[in-house]
Amino acid sequence: MATTALGAPTRQRRRHPTPYLLLIPAVAALALGLGYPVYWQIVTSFQRFGLAQQFGQPPEFAGLENYARIFSDDAAFAVVLRSIAFCLVNAALTVLIGLAVALLMRAVHGWVKIVVQISMLLAWATPVIAAVTVFRWLFDARTGVVNWLLVQLGFEGFRGHGWLTTPISFFFIASLIIVWMSVPFVALSLFAGLTQVNDELLEAARIDGANGRQILWSIIMPLVRPVLAIVLLLQIIWDLRVFAQIRLLQDAGAPVAETNLLGNFIYELGMARNNFGGAAAVSIFVLLLTIVLSAPYVRSLMKEDAS
């Protein structure tokens with residue numbers, strides 16, 4: 001039995017088993033729904049599994065050959081680096097803009113707040129295909145509004161400019177779409193956390209002479225840190241697995257080899273090249289990469305639970 005500094009015994013907190021028992025059905029459902037697909041991916045990633053195997057021919061054992069190609073093939077390695085950079089940049093931008101919008105919603109009142117919240121909900125509810133189609137129209141080389149406005153402002157070089165034909169401008173448009181569709185979730189989640197900040201605490205800080213920057217970084221940010229951490233983690237996971245937006249933009253004439261991300265690379269390996277073993281290996285790599293990126297947050301949760 002543990003003792004206090006004065007030598008008095010203290011009772012260790014006993015954990016009741018009921019919450020863990022209630023989790024068993026949910027964990028069992030997840031295990032049944034995800035267990036077999038993950039098992040099939042792992043087994044296939046160690047095999048040469050192509051078109052012939054789809055018609056009944058037994059697969060050949062390949063060992064780590066499929067995994068070695070991820071790092072030995074320059075194209076595959078470029079996709080990995082490109083996906084990580086794209087994921088981290090977009091996740092950071094989304095959280096920063098979402099935090100700014102959440103602070104704006106907390107600062108304004110009345111109909112202004114309602115308009116901002118409705119705008120966030122409408123942007124969040126827009127289907128992916130509709131959003132990508134609108135942005136493709138805006139940046140169309142011949143009839144796009146963006147090129148027309150730039151030409152009217154005197155930038156003649158943008159007359160007929162193809163935004164989707166070069167990787168840099170392609171990913172600029174892709175980032176606009178992804179950030180635009182993701183900011184509402186982050187903003188509304190952080191706004192919900194900001195509503196729990198006590199106004200009397202902020203008023204006391206102002207009376208003590210704290211300015212706006214000090215209140216933001218010393219009071220507000222520590223209080224909403226748990227919400228900020230979870231939305232950042234979710235954004236990293238979602239942006240690492242992005243597929244539909246990139247695929248739809250590629251259909252508009254973008255160079256596929258130079259704009260593929262991990263999700264699109266998996267699709268190309270499996271559906272276009274019939275290399276299902278390689279596609280399974282990249283899928284497992286994405287799963288492991290997601291676990292690595294999520295590990296710091298999970299570690300912090302375990303420390304908070306233990307304290």
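Residues numbered from 1 in each chain as written. Predicted model: local features only at pLDDT ≥ 70, side-chain atom pairs only at ≥ 80, totals over all residues. Heavy atoms only, no water.

## Examining the UniProt feature "domain: ABC transmembrane type-1" (unreviewed entry) in the chain
In the numbering adopted here, UniProt assigns the feature "domain: ABC transmembrane type-1" (unreviewed entry) to residues 80-297. Helix makes up 79% of residues 80-297 and strand 0%, with an end-to-end C-alpha separation of 22 Å. (UniProt positions renumbered as here; feature names shortened; annotations may be inferred. Helix = DSSP H or I, 4+ residues; strand = E, 2+ residues; numbered from the N terminus.)

## What to know about the UniProt feature "transmembrane region" (unreviewed entry) in the chain
In this structure's numbering, the residues bearing the UniProt feature "transmembrane region" (unreviewed entry) are residues 20-39, 75-102, 114-139, 168-194, 215-238 and 276-298. Between the end C-alpha atoms of residues 20-39 the distance is 25 Å, and the span holds 100% helix and 0% strand. Taken end to end, residues 114-139 is 88% helix and 0% strand, and its two terminal C-alpha atoms sit 30 Å from one another.

## Examining the packing of helix H8 (residues 167-194) against helix H10 (residues 212-240)
Closest axis-to-axis distance for the H8/H10 pair is 10 Å, and the angle between their directions is 155 degrees. If you check the angle between H8 and H10, you find them roughly antiparallel. Remark: the crossing between H8 and H10 carries right-handed chirality. Here Ile178, Ser182, Phe185, Val186, Ser189, Leu190, Gly193 and Leu194 of H8 come into contact with H10, specifically with Ile220, Val224, Val227, Leu228, Val231, Leu234, Gln235, Trp238 and Asp239. When its residues are assigned to classes, the contact of H8 with H10 shows 12 nonpolar, four polar and one charged. (Axes fitted to C-alpha atoms, helices over the stretch in contact; angles between N-to-C directions. Parallel < 35°, antiparallel > 145°, perpendicular 65-115°, else oblique. Left-handed = near helix turned anticlockwise from the far one by under 90°. Contact = heavy atoms within 4.5 Å. Nonpolar A, V, L, I, M, F, W, Y, C, P; charged D, E, K, R; others polar.)

## Overview of helix H13 (residues 262-272)
Summarising burial for H13: eight of the 11 residues are buried, a large majority. For H13, the complete set of buried residues consists of Leu262, Gly263, Asn264, Phe265, Ile266, Glu268, Leu269 and Gly270. Two residues or fewer past H13, Asn274 is found with a positive phi of approximately 55 degrees. (Buried < 20%, exposed > 50% of the residue type's maximum accessible area, 1.4 Å probe, protein only.)

## Regarding the side chain of Gln245
Topologically, Gln245 is positioned in helix H11 (residues 244-250). Filtering out sequence-adjacent residues up to four positions away, Gln245 remains in contact with Val128, Val132, Ile177, Ile178 and Met181.

## Comments concerning the packing of aromatic side chains
The geometry of an aromatic ring pair is captured by the separation of the ring centres together with the interplanar angle, meaning the angle of the planes. Taken as a whole, this structure holds 13 aromatic pairs when the rule is applied. Centre to centre, the rings of Phe46 and Tyr67 are 5.4 Å apart; their planes meet at 45 degrees, and the pair counts as tilted. With Phe46 in the loop between helix H1 (18-45) and strand E1 (47-48) and Tyr67 in helix H3 (residues 65-72), the pair connects residues that are 21 residues apart, well separated along the chain. For Phe46, a relative accessible area of 27% gives the class partly exposed. You can call Tyr67 buried: its relative accessible area is 18%. Feature note: the residues Phe139, Phe155, Phe158, Trp163 and Phe172 constitute an aromatic cluster, connected by ring pairs. (Phe/Tyr/Trp six-rings, centres within 6.5 Å; stacked < 30°, edge-to-face > 60°.)

## Quick look at the pattern of salt bridges
All chains considered together, the criterion is met by five salt bridges. Residue Glu65 is joined to Arg48 by a salt bridge in which the shortest nitrogen-to-oxygen separation is 2.8 Å. Linking Glu65 in helix H3 with Arg48 in strand E1, this pair joins segments that are 17 residues apart in sequence. Looking at Glu65, the relative accessible area reads 25%, which means it is partly exposed. Among the ionic contacts, a cluster of salt bridges with common partners joins Arg48, Glu60, Glu65 and Arg69. (Salt bridge = Lys/Arg side-chain N within 4 Å of Asp/Glu carboxyl O.)

## A word on the nonpolar core
In this structure, Val101, Met105, Met120, Leu190, Leu194 and Leu202 are the most contacted members of the largest nonpolar core, which totals 25 residues. Only helix H4 (74-107), helix H5 (111-125), H8, helix H9 (199-207) and H10 provide two or more residues apiece to this core. Tallying contributions element by element places H8 first for this core, with eight residues. Met105 has contacts with Lys113, Val116, Gln117, Ala187, Leu188 and Phe191, leaving out every residue within four places of it along the chain. (Core = buried A, V, L, I, M, F, W, Y, C linked by side-chain atoms within 4.5 Å.)

## What about the side chain of Ser45?
As for its placement among the helices and strands, Ser45 is situated in helix H1. With relative accessibility at 0%, the residue Ser45 sits in the buried group. In this view, Ser45 contacts Gly63, Asn66, Tyr67, Gly277, Ala280, Ala281 and Ile284; residues no more than four positions away in its chain are not counted.

## Considerations on a nonpolar patch on the surface
On the surface, a cluster of nonpolar side chains totalling about 610 Å² of accessible area is made up of Leu30, Leu34, Val38, Ile42, Leu287, Leu288 and Ile291. For the nonpolar patch, the secondary-structure elements that each account for two or more residues are H1 and helix H14 (276-306). Among the elements that make up the nonpolar patch, the one with the highest residue count is H1 (four residues). Among the structural elements, Ile42 can be located in helix H1. The class for Ile42 is partly exposed, based on a relative accessible area of 36%. (Patch = residues over 30% accessible without salt bridge, like charges linked within 9 Å, V, L, I, M, F, W, Y side chains within 5 Å. Areas by Shrake-Rupley, 256 points an atom, 1.4 Å probe, with all protein chains shown as cover.)

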